Amino acid sequence: MDARLTAEQDEIRRTLRELLHKRCGPGELRAALDTPAGHDPALWTALADQLGLPGLALPETYGGVGCSVTELALACEETGRALAPSPLLATAVLAAPLLLALGTDAQRADLLPRIASGALTAALAVPGPALTAALALTGHGRHGAWAGGGRAGGVQARRTDGGWRLYGEAGQVLDGHSAGLLLVGAHAGGFARSRVLLFLVRADADGLTRVRQTTLDATRPQARVQLRDVKGELLGCEGDDVLAALARLGDTVAACLAAEAVGAAGRVLERTVEYVGQREQFGRPVGSFQAVKHRLADAYVQVQAARSAAYYAAWAGAAADGEKAGGLALAQALEALRGAAAEGIQLHGGIGFTWEHDMHLYFKRAAGDELLFGPVHRLRARAADAAHVFEEAGR
């Protein structure tokens, strides 16, 4: 394994960092958060036109760039540094791979080129706070209980003469209020023949209600999606193993999320080191005190270890026979971000707690990510379970 980045990968990171520095500064970030969509459509257009970011990991056949999950993870690391609110995670990391893996030829030909161009955004809607369960990162997603399990709650799909009709509610849908297309995970077939299917729901479908939620982390917009007798188009065929496809996607998503968290943690650490080098106490910079140096050194080691884990997970995910390391990398990255953000808040002193300073946005990203994609101990427990660690230890 060659751990060095290629010239193309370095160029993707450099170009994206420069663009975000110009178009997603503190002022632009806060202005975008106050819009109905929660992100700047002009920035999304620039990311699509100048970098092809929405189609970075899509085949060239569908208008994509043809890169792997490694390049997508590097892009996520840069958006994480800037806390850039954009549909990248919902569209390019969650929805597009499912369309590519499960969609019919007609569905792929219709939807993927529009996603790659940035003209269409998409979101994955699963019931309740069950995204990581659906992706088999926590719990046993292959059982499909998160979709409703034939009981009340979740989202139910019923076949009619005119096609499929959907009923139910999905909460915490990333960018679900602004996406032009929803991929809805629903339970179908009744209790005896229960199965999970994915359906395409257009943004203007009758009976669809989408409401943006007030969240802890405003830089990651979420919505509650309600479906009342909504027409849905089956993604792929009824015989497709949707749960297996979601589980395969889970490792890729975890690698990208880990890289995003590492980007945020690295930026927090950079800003904290810069600040303690300028702030003076007792006639000398705060950063010159040994206790402060030790705390920052510990945070640095944790962030670097998490970055290595995230890069390895992305590399392994791109390899044909690579191991699934995304869950563990995500756990380590979330822990590193939480630690770096906490140190950043405290070492910035009183200013770190103010609304005007950006440090609290990183702290909220750390807390919000762990609520959405964690907790850390469940990610590690699931990884240990998948590797049969405790079974081997008990023999």
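Just above, that's the structure.
Residues numbered from 1 in each chain as written. Predicted model: local features only at pLDDT ≥ 70, side-chain atom pairs only at ≥ 80, totals over all residues. Heavy atoms only, no water.

S.K.: Help me out: how do you make sense of the overall build of the protein chain in this one?
M.R.: Summing up its helical and strand segments, the protein chain has 13 helices and nine strands in all. A compact globule built from 395 residues should have a C-alpha radius of gyration of about 21 Å, and the protein chain, at 21 Å, falls within 12% of that. Projecting the C-alpha coordinates of the protein chain onto the three principal axes gives extents of approximately 80 × 60 × 40 Å. Relative to its 395 residues, the protein chain shows a buried fraction of 52%. Partitioning the intrachain contacts of the protein chain with sequence separation of at least 6 by distance along the chain shows that 73% fall at a separation of at least 24. When the accessible surface of the protein chain is summed, it comes to about 17,400 Å², and 53% of that surface belongs to carbon and sulfur atoms. Side-chain charges in the protein chain split into 40 positive and 43 negative, and the spacing between the mean points of these groups amounts to 4 Å. (Helix = DSSP H or I, 4+ residues; strand = E, 2+ residues; numbered from the N terminus. Rg over C-alpha atoms; globule rule 2.2 N^0.38 Å. Buried < 20%, exposed > 50% of the residue type's maximum accessible area, 1.4 Å probe, protein only. Contact = heavy atoms within 4.5 Å. Areas by Shrake-Rupley, 256 points an atom, 1.4 Å probe, with all protein chains shown as cover. Lys, Arg positive; Asp, Glu negative; His and termini not counted. Charge placed at Lys NZ, Arg CZ, Asp CG, Glu CD.)

S.K.: Just to check I follow, could you spell out empty space enclosed by the protein for this structure?
M.R.: Over the atoms, a rolled probe matching the size of one water molecule traces out where space is still vacant. Summed over the entire model, instances satisfying the criterion amount to two cavities of 30 Å³ or more. Approximately 130 Å³ is the volume attributed to the largest cavity. Within the residue set of the lining of the largest cavity, elements represented by two or more residues are α4 (69-82) and α5 (88-102). For the lining of the largest cavity, a count of residues per class yields eight nonpolar, three polar and four charged. If you count residues domain by domain, the lining of the largest cavity takes at least three from each of domain 1 (7-120) and domain 2 (124-242). Taken as a whole, the second largest cavity holds about 40 Å³ of empty space. Split into classes, the residues belonging to the lining of the second largest cavity amount to five nonpolar, no polar and three charged. (1 Å grid on protein atoms, 1.4 Å probe; cavity = no way out; pocket = protein on both sides within 12 Å on 5 of 7 lines; lining within 4 Å. Points joined across faces, edges and corners; volume = space filled by probe spheres on them. Nonpolar A, V, L, I, M, F, W, Y, C, P; charged D, E, K, R; others polar. Domains from an automatic or database assignment.)

S.K.: So what exactly am I meant to see when it comes to the environment of R380 here?
M.R.: Structurally, R380 is set in helix α12 (residues 376-386). For the pair R380 and L330, spaced 50 residues apart in sequence, the C-alpha to C-alpha distance is 9.2 Å. When residues no more than four places from it in sequence are discounted, the contact partners of R380 are L328, A331, Q332 and E335.

S.K.: Help me out: how do you make sense of the environment of R365 in this one?
M.R.: Tracing the backbone shows R365 in helix α11 (residues 359-373). Judged by its relative accessible area of 3%, R365 falls in the buried class. Between the alpha carbons of R365 and L337 there is a distance of 8.6 Å; along the sequence they are 28 residues apart. Setting aside anything within four residues of it in sequence, one finds R365 in contact with L83, D217, T219, R220, E260 and L337.

S.K.: Got a minute to help me understand the nonpolar core in this structure?
M.R.: Across soluble globular proteins, nonpolar side chains have a tendency to be buried as a group. Counting 102 residues, the largest nonpolar core has L99, L124 and L183 as its most contacted members. If one sorts the elements of this core by residue count, helix α8 (residues 242-278) sits on top with 19 residues. For L99, the contacting residues outside a window of four places in its chain are R108, L111, L112, I115, L181, L183, L200 and L235. Of all hydrophobic cores here, the second largest spans 22 residues; its members include A125, A179, A188 and V230. (Core = buried A, V, L, I, M, F, W, Y, C linked by side-chain atoms within 4.5 Å.)

S.K.: Explain the packing of helix α10 (residues 326-347) against α12 here, please?
M.R.: The geometry of a pair of packed helices is captured by two quantities: the angle between their axes and the separation between those axes. At a minimum axis separation of 8 Å, α10 and α12 run at an interaxial angle of 160°. Judged on the interaxial angle alone, α12 and α10 are roughly antiparallel. Crossing hand, α10 versus α12: left-handed. Along the contact surface, α10 presents G327, L328, L330, A331, Q332, L334 and E335, while α12 presents V376, L379, R380 and A383. (Axes fitted to C-alpha atoms, helices over the stretch in contact; angles between N-to-C directions. Parallel < 35°, antiparallel > 145°, perpendicular 65-115°, else oblique. Left-handed = near helix turned anticlockwise from the far one by under 90°.)

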